[in-house]
Amino acid sequence: MLESAELHFNVDHGYLEGLVRGCKASLLTPQDYVSLAQCDTLEDLKAHLQTTDYGNFLAHHAPPLTVSKIDAEMRRKLCGEFQYFRNHALGPLSTFLSYMTCSYMIDNVILLVNGALQHKSLKEILPKCHPLGRFAEMEAVSIAETPSDLFSAILVETPLAPFFQDCMSEHTLDELNIEILRNKLYKSYLEAFYTFCKNHGDVTAEIMCPILEFEADRRAFTITLNSFGTELSRDDRGTLYPTCGRLHPEGLRLLAQADNFEQMQRVADHYGAYKPLFEAVGDGRGDKSLEDVFYEHEVKLNVLAFTRQFHYGVFYAYTKLREQEMRNVVWIAECISQRHRTKINSYIPIV
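Thresholds, definitions, all that
- Residues numbered from 1 in each chain as written.
- Predicted model: local features only at pLDDT ≥ 70, side-chain atom pairs only at ≥ 80, totals over all residues.
- Heavy atoms only, no water.
- Helix = DSSP H or I, 4+ residues; strand = E, 2+ residues; numbered from the N terminus.
- Buried < 20%, exposed > 50% of the residue type's maximum accessible area, 1.4 Å probe, protein only.
- Contact = heavy atoms within 4.5 Å.
- Areas by Shrake-Rupley, 256 points an atom, 1.4 Å probe, with all protein chains shown as cover.
- Phe/Tyr/Trp six-rings, centres within 6.5 Å; stacked < 30°, edge-to-face > 60°.
- Lys NZ or Arg CZ within 6 Å of the ring centre and 35° of its normal.
- Core = buried A, V, L, I, M, F, W, Y, C linked by side-chain atoms within 4.5 Å.
- Axes fitted to C-alpha atoms, helices over the stretch in contact; angles between N-to-C directions.
- Parallel < 35°, antiparallel > 145°, perpendicular 65-115°, else oblique.
- Left-handed = near helix turned anticlockwise from the far one by under 90°.
- Nonpolar A, V, L, I, M, F, W, Y, C, P; charged D, E, K, R; others polar.
- Salt bridge = Lys/Arg side-chain N within 4 Å of Asp/Glu carboxyl O.
- pLDDT = per-residue confidence, 0-100.

This brings us to the overall build of the protein chain. A count of helical and extended segments in the protein chain gives 17 helices and zero strands. When burial is assessed residue by residue, the protein chain has 50% of its 351 residues classed as buried. The contacts in the protein chain between residues at least 6 apart in sequence include a share of 64% that link residues at least 24 apart. Split by element, the accessible area of the protein chain, about 17000 Å² in all, is 51% carbon and sulfur.

With that out of the way, let us pick up the packing of aromatic side chains. Using the criterion set out here, one finds 21 aromatic pairs in the structure. With 5.1 Å between their ring centres and 40° between their planes, Tyr54 and Phe57 make a pair best called tilted. An aromatic cluster of three or more residues is present, and its members are Phe9, Phe96, Tyr99, Phe163, Tyr186, Tyr189, Phe193, Phe196, Phe310, Tyr312 and Tyr316. Taking the ring centre of Tyr54 as reference, the NZ or CZ of Lys77 above it sits at 5.5 Å.

If you look at the biggest cluster of nonpolar residues, it comprises 113 residues, and the most contacted ones within it are Leu45, Phe96, Phe193 and Phe315. Non-local contacts of Phe193, meaning those with residues more than four positions away in its chain, are made with Phe96, Tyr99, Met100, Met208, Leu212 and Tyr316.

Turning to the side chain of Arg322, a few remarks are in order. Along the chain, the position of Arg322 falls in helix α17 (residues 313-337). Beyond its immediate sequence surroundings of up to four residues, Arg322 is in contact with Cys23, Ser26, Leu27, Asp53, Tyr54, Lys77, Leu78 and Glu81.

A cis amide bond links Gly91 to the next residue, Pro92, at an omega of 0°. Inspection of the secondary structure assignment puts Pro92 in the loop between α4 (67-87) and α5 (93-117). The step from His248 to Pro249 runs through a cis peptide bond, and the omega angle for that step is 0°. Looking at the secondary structure, you find Pro249 in the loop between α12 (234-238) and α13 (250-257). The backbone phi angle of Asp202 is positive, close to 55°, even though this residue is not glycine.

Running from N to C, helix α2 (residues 30-37) and helix α3 (residues 42-49) cross one another at 160°; their axes reach a closest spacing of 9 Å. When the axes of α2 and α3 are compared, the pair comes out roughly antiparallel. Considering how the two elements wind past one another, α2 and α3 form a crossing that is right-handed. Judged by residue contacts, Asp32, Ser35 and Leu36 of α2 engage Leu45, His48 and Leu49 from α3. Partitioning the contact of α2 with α3 into residue classes produces three nonpolar, two polar and one charged.

Next up on the list: the pattern of salt bridges. When the charged atoms of two side chains lie near each other, side chains of opposite charge can form a pair. Counted according to the given criterion, the structure contains 18 salt bridges. For Glu250, the salt bridge identified is with Arg253, shortest N-O distance 2.4 Å. Taken together, the positions of Glu250 and Arg253, both in helix α13 and three residues apart, correspond to about one turn of that helix. A residue is classified by how much of its surface remains accessible, and Arg253, at 46% relative accessible area, is partly exposed. Residues joined in a network through salt bridges with shared partners are Asp53, Lys77, Glu81, Arg322 and Glu325.

In this section: the confidence of the model for the protein chain. Confidence in the prediction of the protein chain, expressed as mean pLDDT, is 89, and 89% of residues score 70 or more. α17 holds the highest mean pLDDT among the elements of the protein chain, 98, whereas helix α8 (residues 147-157) holds the lowest, 66.

Between α4 and α5, the shortest axis-to-axis distance is 9 Å and the interhelical angle comes to 145°. For the pair α4 and α5, the crossing hand works out as left-handed. For the pair formed by α4 and α5, the contact residues are Phe82, Phe85 and Arg86 on the first element and Leu97, Ser98, Met100 and Thr101 on the second. Looking at the contact of α4 with α5 residue by residue, the class counts come to four nonpolar, two polar and one charged.

As structure tokens, this is what we get:
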């Protein structure tokens, strides 16, 4: 017997859940990747993609076909699907989907802030913005001429204002390191998203909390790795770590003290989920980077999300799997375009 919460889920969200599961079934298969890797030209790659769920998504593009055009059209297709889900969603699914767009908004706002401080035009910045992170007030940020105007525009005009309040001030904006600002925003965003999912409870919390815990810890490891050899102090590094992951609190304290990759790996050795990931980087079996093994682990978590029903996590998982598929196709397309086929199979499999 279905519990009442599950019955209510089907009444409000059953159609969209069924739809997103159907979309997941349309992801490229391992055989599709084998065929794509055997293509000699981008036109061949386009011809094979036309036999998949992508269809004639490149039909209106005049030759020559480029990797950037393929990437842009795949992104546009994903954006169209996501907007359909969002337009038909009821609360609290609509809130969940809004949280999903915040990560893209953060990247877009950082682009706008950077462009405003460098006096770049909106036309120059907008093409670089992710379509899932677009919002109506983007122009207000881009036309700000002074740090004071920019501070006001961000706090008043953008949907990210709650995340910005603890990350910046009017007096430090013009001197603030953009990457530090990005990481502080992601920290606030991930912690808020995690709290929302945890408070929602049910299967959504059971699926999404581990996914967001991994995302928080991945950011902590990445921030640590990227800070080696920079002027970022240990104390400042520690303020950038999201606190909703498995590493909190002791692992984050140890990471903040790490001075090299070996010390960072010793921290990961204390965590059963992360020890094999770091071992896969340096075991001599290939050229996998830490980023690669993180992507592989993320794929596994997102695929597992589809083994449960009656939860919002499938929307998050599908979007992340489709994005990984896009990275895979772009990787193969770049190898074909540059005639560098030795690593054409070094994509992240989705199984």
